[in-house]
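What the coordinates show
This is what each chain is made of:
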2 protein chains.
Amino acid sequence: MRAWEQYFRQVEPYTPGEQPKDTGVIKLNTNENPYPPAPAVEKAMQNMDFSKFRLYPDPKAEALVEAIAAYYQLSKDQVFVGVGSDDVIGMSFLTFFNSDKPILFPDITYSFYDVWADLFKIPYERPVLDQTFQICLEDYKKENGGVIFPNPNAPTGEAVDLEFIKKVLDYNQDVVVIIDEAYVDFGAKSAVELINQYENLLVVQTFSKSRAMAGMRIGYAMGDKRLIQALNDVKYSYNSYTMNMPAIELGVKAIEDKEYFREITEKIIDIREYSKEEFKKLGFVFGDSMANFIFVTHKEYQAEELFEYLKSKKIYVRHFKQPRIQNYLRVTIGTKEQMDALFAALKNYQRA
Amino acid sequence: MRAWEQYFRQVEPYTPGEQPKDTGVIKLNTNENPYPPAPAVEKAMQNMDFSKFRLYPDPKAEALVEAIAAYYQLSKDQVFVGVGSDDVIGMSFLTFFNSDKPILFPDITYSFYDVWADLFKIPYERPVLDQTFQICLEDYKKENGGVIFPNPNAPTGEAVDLEFIKKVLDYNQDVVVIIDEAYVDFGAKSAVELINQYENLLVVQTFSKSRAMAGMRIGYAMGDKRLIQALNDVKYSYNSYTMNMPAIELGVKAIEDKEYFREITEKIIDIREYSKEEFKKLGFVFGDSMANFIFVTHKEYQAEELFEYLKSKKIYVRHFKQPRIQNYLRVTIGTKEQMDALFAALKNYQRA
């Protein structure tokens, strides 16, 4: 080891799902949308004036902030934007979780939370989900430095209702509570309607799933203006210009087309419910996912073997080598055709 | 103050230069390139397949990393990319500066360094530039937790030669030394040729100035693969997908066109040298800038008054309300026409 290496920050990085370069694969491993972005995005891209790329983008990304605020009927000082919801949540950890007490998040959840906590040296505890992978309210009634969980939870897909979230907030009025709603548009109810009631509630969403814009890296947070101001202060202490010009301009187009959004979201929900039937017929067991993925386990077959088998058939799903969930697969909802190809492959596996 | 506000991270954010929405202004305040990006950028943007925006971008941004590596004849494990050089340097502070000893950077320099240090609670000392705004080698011969300075320095524009940088490196072999080369293409010599010789040297550059792509947010670091690996580990602990698809694809086009790059860079250098003559005729005093800006002070007129006067004439330059430099203006090199408009305005000021 070199002398200067002793001053390196020690981290255990998050491992994202594979992004295979082979375009022939059926990609059900990173919860992307199977449909393209709203048509207006294409037109805006083709008409964008490239000569202005020489200039810095608007550091406030005001056009995008205003479009998001308009969609949710909020004021623009209640909206913060970042480079995907990972940037928004990572920055939220750095901004809000500076207590000596541990922050709380479930043992089975988005696997970036502990990575951020480790990166920023934030203490944390991970209350255990119950046998059916539900979050237990009692676990969040202890002293803590902040609370975060996704709704629906990932990778389980299980959602809680707003009454549950209100109870969490009622018990945690002295810390910031973050609800990570990456998958909320596929059937759960957003807590955004509570932000005027609970000043310490931050709701985070993303363009990467329901808006079909993962490639553009746009995430956002909604909450009381004190929270948004604090996030902006930290953002301006790290990188003044996080959102590039295409992200700002195309993001506006993506959120403005409510009709297209509704259409593709409903299609995905329909295919998810159809897929639940098919998984059931094949002997899989799973909870009632409200997300654009289903978290399945099989009565007879090992998840890791199924994962490898499907990969050999060029169908990518996600397998987490973690306690309690190592026998599960997280399967993104693709098009009907992609799902049928998956089910056909699984049927062949059973016959083999 | 609300209870949860006590856990907010306390910061004093960086203030970026104004980005006026009025397109009629002459913008010489944020060191942007007066010319558009390389022509191939426009074509690539118009031909980009928008439907793939539904997918996550390549987390490694490999196409861009490889294009940069090819340009500098490095291997791809010697190159790290981020959302502008601010993202790259901010992440470098977090990654490399975890010593209890203070890091060192000049008292007059890029005003983001102390902001990052404060954000990440890194101790620092700021050795004073000499009377002519030169960095003093002796100041960097003390025990420290790391070293960073820009070459050319900002906002002075003064450059050091590679012999100077080698001496800094020779005295600082146990810490990471970062040379911030945002402006190096306008006349200074890059330290990138030293990275195989000094494993603890990180050289940071950007597409925002000489590549005319500030709006796309692309910065990069070059160094030993241990440094690059450590940066990537921290990046993957914060946000797996920092570079969006347009940044990756258009960045490749921007760096591939060496001919256009040379052409616009030479034009800017020529206009800078012409501008030095004009500033001199007008009674301004300044150092020998090797950047795309000149840092000027006038024998008779107050900088702040000149700043306000020019702004009233819709000419934006930069004024820093900081000790030792409050009577200076940083003027970005624009087109010949823009500079002549500036000089005409200054002549009118003298007559008034």
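Data block above holds the structure.
Residues numbered from 1 in each chain as written. Chains lettered and ligands numbered in written order. Predicted model: local features only at pLDDT ≥ 70, side-chain atom pairs only at ≥ 80, totals over all residues. Heavy atoms only, no water.

The next thing to look at is the pattern of salt bridges. For the structure on display, the rule yields 46 salt bridges over all chains. Residue A:Glu138 pairs with A:Lys141 through a salt bridge whose shortest N-O separation is 2.9 Å. Its relative accessible area of 56% is what places A:Glu138 among the exposed residues. Ionic contacts of the salt-bridge type, sharing partners, join the residues A:Arg2, B:Glu199, B:Asp224 and B:Arg226 into one network. (Salt bridge = Lys/Arg side-chain N within 4 Å of Asp/Glu carboxyl O. Buried < 20%, exposed > 50% of the residue type's maximum accessible area, 1.4 Å probe, protein only.)

Turning our eyes to something else, we now look at the packing of helix α3 (residues 84–96) of chain B against helix α6 (residues 225–236) of chain B. Residues and elements named next belong to chain B. For the pair α3 and α6, interaxial distance at closest approach is 9 Å and the crossing angle is 100°. Judged on the interaxial angle alone, α6 and α3 are roughly perpendicular. Seen from α3, the contacting residues are Met91, Ser92, Leu94, Thr95 and Phe96; seen from α6, they are Leu227, Ala230, Leu231, Val234 and Lys235. Of the residues assigned to the contact of α3 with α6, the class counts are seven nonpolar, two polar and one charged. (Axes fitted to C-alpha atoms, helices over the stretch in contact; angles between N-to-C directions. Helix = DSSP H or I, 4+ residues; strand = E, 2+ residues; numbered from the N terminus. Parallel < 35°, antiparallel > 145°, perpendicular 65-115°, else oblique. Contact = heavy atoms within 4.5 Å. Nonpolar A, V, L, I, M, F, W, Y, C, P; charged D, E, K, R; others polar.)

The next point concerns the relation of the copies chain B and chain A. Its rotation angle being 180°, the transformation that places chain B on chain A also includes 0.0 Å of axial translation and leaves an RMSD of 0.0 Å. The relationship between the two copies is best expressed as a two-fold rotation axis. No C-alpha of chain B lies nearer the rotation axis than that of B:Gln46, which sits 2.4 Å from it. Comparing interface residues between copies, 99% of those in chain B also sit at the interface in chain A, which points to an isologous, same-surface contact. (Least-squares fit on C-alpha atoms with pLDDT ≥ 70 in both.)

The next point concerns the packing of aromatic side chains. Residue and element names in this part refer to chain B. Summed over the entire model, instances satisfying the criterion amount to 64 aromatic pairs over all chains. Aromatic pair Tyr72 and Tyr220: ring centres 5.9 Å apart, planes at 45°, arrangement tilted. With a gap of 148 residues between them, Tyr72 in helix α2 (residues 62–72) and Tyr220 in strand β8 (residues 219–223) connect regions that are remote in the sequence. Residue classification places Tyr72 among the buried residues on the basis of a relative accessible area of 14%. With relative accessibility at 0%, the residue Tyr220 sits in the buried group. (Phe/Tyr/Trp six-rings, centres within 6.5 Å; stacked < 30°, edge-to-face > 60°.)

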